[in-house]
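Structural features, examined
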Amino acid sequence: MKYTTRPQAILLLADGTIFYGKSIGISGTTFGEVCFNTGMTGYQEIFTDPSYFGQIMVATNPHIGNYGVNANEVESEKIMISGLVCKNFSFNHSRPDSESNLYDYFEKQNLICISDVDTRALVSYIRDNGAQNAVISTDGTSIENLKKQLANVPNMKGLELASKVSTKEPYFFGNEDATFKISALDLGIKRNILRNLAKRDCYIKVFPYNTTYQVLEAFNPDGYFLSNGPGDPEPLEQVQETAKQMIASNKPIFGICLGHQIIGLANGISTYKMFNGHRGINHPVMNVLSGKGEITSQNHGFAVNREELENSQDLEITHYHINDNTVAGMRMKSKNCFSVQYHPEASPGPHDSSYLFDEFIQLLKNSN
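Everything quoted here is computed from the prediction, not taken from an experiment.

Here the focus is the overall build of the protein. If you tally the helices and strands in the protein, you get 11 helices and 19 strands. In terms of its C-alpha atoms, the protein occupies a principal-axis envelope of roughly 65 × 45 × 40 Å. Sequence separation of at least 24 residues holds for 74% of the intrachain contacts in the protein that already meet a minimum separation of 6. Carbon together with sulfur atoms contributes 46% to the accessible area of the protein, which is approximately 14900 Å² in total. In the protein, 31 positive and 39 negative side-chain charges are present, and the distance between their average locations comes to 2 Å.

As structure tokens, this is what we get:
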């Protein structure tokens, strides 16, 4: 573990802006879209969330690593972020039930991290100038060389990433004697989603992202689930077609995050790339149906077009983000289909919205 004489490292943004810091001791170069998360806890869940695939994460919490890591606090099998930018990286950890320190965890998976960055200035810059591609280099590569490499990194707009994180083979989760059977399309599914369904008496078969409707239906499910995931939803044309067939079946459908966007596209509602996106565990959402506010966990850089949704004859808005009025939830008027842009399973985050899983279960009950 490298505590002293750590080499200088840089974060280079696509517009040429440079932020300097120090390497934590893992040498290399990594590329991705730079974004920030405002959560004050849950860094391991964030690092392993498949929705962050292809992104360099800026942690707004000034201390990262102080409570170590635990195998029970992962949302997938490996770290999904491309790199980490932080202020203070803690090589030591003090939580009794942590299994190891964050440095060893990063070293095993060769995650590049730059620390000692003025993250307040960096986040302020991203807020003003928008999300953009960036590169972290801790190995002394020249700035000119990095600029050339960065110029060849594709933009997130138009980028299909679900195939990079989806399961390659179907698998089961939960008790096979459960009351309800769910066919879940894995676009980058988080484990806590599966846990929430399983503890509500569901047996889930998780399928690869490009599975056809016929294969999903062959499981004879009581309902369908469209998961979260990374990248732009528009290139996922086969998934959109599958969603159309799910909707036509009128079996209950629940979509989260990328799954929410897919449902919108399947209904002819366009999506767009946001200037910054929403990433954190303190985002306020208004439930239009109940009139109650919710504090939510969010992680998305694309959104459903609100104007088109308001003019739709088939869909209605059920939730909106209080800060900017973007669509946070919707449902179909004549079908058993609903979705939210945020993460009711949290992990990390508040549990204000866990009732949405109960609403899905109620739809399953009413349909049987």
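Still more ground to cover, so stick around.
The 10 strands are arranged S10-S12-S11-S13-S14-S19-S18-S17-S15-S16 in an open sheet whose pairing can be described as mixed. At either margin of the open sheet sits one strand with a lone partner, and together these are strand S10 (171-173) and strand S16 (293-304). Across this sheet, the average inter-strand angle for adjacent strands is 25 degrees, counted without regard to direction. Here strand S18 (residues 327-332) runs beside strand S19 (residues 337-340); their pairing, made up of 3 bridges, is antiparallel. Within S19, the residue paired with methionine 330 across the bridge is serine 339. Sheet strands touched by helix H9 (residues 258-266): strand S13 (223-226), strand S14 (253-256), strand S15 (271-287), S16, S18 and S19. Its angle to S14, the strand with the most contacts, is close to 120 degrees.

Sheet architecture is closed into a barrel: 7 strands sit in the order S1-S2-S8-S6-S4-S3-S9, paired in mixed fashion. Across the sheet, the axes of successive neighbouring strands diverge by a mean angle of 35 degrees, strand direction being ignored. In the packing of helix H4 (residues 143-151) onto the sheet, contacts are made with strand S1 (8-13), strand S2 (18-23), strand S3 (29-37) and strand S9 (132-137), and the angle to S1 comes to roughly 40 degrees.

A word on empty space enclosed by the protein. This structure, assessed with the given rule, holds 3 cavities of 30 Å³ or more. Volume-wise, the largest cavity comes out at about 130 Å³. Along its surface, the largest cavity is lined by 15 residues, and Gly229, Gly231, His300, Gly301 and Phe302 are the ones closest to its centre. Breaking the lining of the largest cavity down by element, the ones donating at least two residues are H9 and S16. The element that contributes the greatest number of residues to the lining of the largest cavity is S16, accounting for 4 residues. When the residues that make up the lining of the largest cavity are grouped by side-chain class, the tally is 5 nonpolar, 8 polar and 2 charged.

With that settled, the discussion passes to the pairing of strand S8 (residues 112-115). Burial along S8 is two-sided: the residues Ile112 and Ile114 and Cys113 and Ser115 are all buried. Relative to S8, S2 runs antiparallel, the two being bridged by 2 bridges. Each bridged residue has a counterpart across the sheet, and for serine 23 the counterpart in S8 is isoleucine 114. By the bridge criterion, 3 bridges tie strand S6 (residues 83-85) to S8 in an arrangement that is parallel. Residue pairing in the sheet places glycine 83 in a bridge with isoleucine 112 of S8.

Quick look at the layout of surface pockets now. By volume, the largest pocket is sized at about 370 Å³. Around the largest pocket, the lining is made up of 19 residues, and of these Ser76, Glu77, Val165, Thr167 and Asp186 lie nearest the centre. Secondary structure elements with two or more residues in the lining of the largest pocket: helix H5 (162-165), S10 and helix H6 (191-198). Computed from the structure, the second largest pocket encloses a volume of approximately 270 Å³. Lining of the second largest pocket is provided by 15 residues; of these, Arg127, Asn276, Gly277, His278 and His283 occupy positions nearest its centre. Of all the elements, S15 adds the most residues to the lining of the second largest pocket, at 9 residues. For the lining of the second largest pocket, the per-class residue count stands at 4 nonpolar, 8 polar and 3 charged.

A few words on unusual backbone geometry. Most peptide bonds adopt trans geometry, and most residues besides glycine take a negative phi value. In this structure, proline 348 follows serine 347 across a cis peptide bond, with omega equal to 5 degrees. Along the chain, the position of proline 348 falls in the loop between S19 and helix H11 (355-367). Look at aspartate 116: it is not a glycine, yet its phi comes out positive at around 60 degrees. Inspection of the secondary structure puts aspartate 116 in the loop between S8 and helix H3 (119-129). Residue classification places aspartate 116 among the partly exposed residues on the basis of a relative accessible area of 32%. Positive phi is not limited to glycine here, since asparagine 325 has a value of about 65 degrees. Residue position: asparagine 325 is located in the loop between strand S17 (315-321) and S18.

Turning our attention to the side chain of threonine 48. With respect to the secondary-structure elements, threonine 48 resides in the loop between helix H1 (43-47) and strand S4 (55-59). A distance of 2.9 Å separates a polar atom in the side chain of threonine 48 from the backbone oxygen of glutamine 44. Those residues within four positions of threonine 48 in sequence are excluded, and the remaining contacts are Glu73, Val74, Glu75, Ser76, Lys78, Ile79, Met80 and Tyr105.

Let's shift gears to the nonpolar core. In this structure, Phe47, Leu84, Val85, Phe89, Leu102 and Phe106 are the most contacted members of the largest nonpolar core, which totals 42 residues. Ala178, Ile262, Val304 and Cys337 belong to the second-largest nonpolar core, a separate cluster that totals 30 residues.

Taken as a whole and assessed by the stated rule, the structure comprises 0 disulfides. Cysteine cysteine 86 is unpaired, with the sulfur of cysteine 113 as its nearest cysteine sulfur at 4.0 Å. Overall, cysteine 86 belongs to the buried group, its relative accessible area being 0%. No disulfide involves cysteine 202; its sulfur sits 16 Å from that of cysteine 337, the nearest cysteine.

Reading guide: rules and limits
- Residues numbered from 1 in each chain as written.
- Predicted model: local features only at pLDDT ≥ 70, side-chain atom pairs only at ≥ 80, totals over all residues.
- Heavy atoms only, no water.
- Helix = DSSP H or I, 4+ residues; strand = E, 2+ residues; numbered from the N terminus.
- Contact = heavy atoms within 4.5 Å.
- Areas by Shrake-Rupley, 256 points an atom, 1.4 Å probe, with all protein chains shown as cover.
- Lys, Arg positive; Asp, Glu negative; His and termini not counted.
- Charge placed at Lys NZ, Arg CZ, Asp CG, Glu CD.
- Pairing = 2+ DSSP bridges.
- Axes fitted to C-alpha atoms, helices over the stretch in contact; angles between N-to-C directions.
- 1 Å grid on protein atoms, 1.4 Å probe; cavity = no way out; pocket = protein on both sides within 12 Å on 5 of 7 lines; lining within 4 Å.
- Points joined across faces, edges and corners; volume = space filled by probe spheres on them.
- Nonpolar A, V, L, I, M, F, W, Y, C, P; charged D, E, K, R; others polar.
- Buried < 20%, exposed > 50% of the residue type's maximum accessible area, 1.4 Å probe, protein only.
- Polar contact = N/O pair within 3.5 Å; in protein donor to acceptor, adjacent residues only side chain to side chain.
- Core = buried A, V, L, I, M, F, W, Y, C linked by side-chain atoms within 4.5 Å.
- Disulfide = S-S within 2.5 Å.

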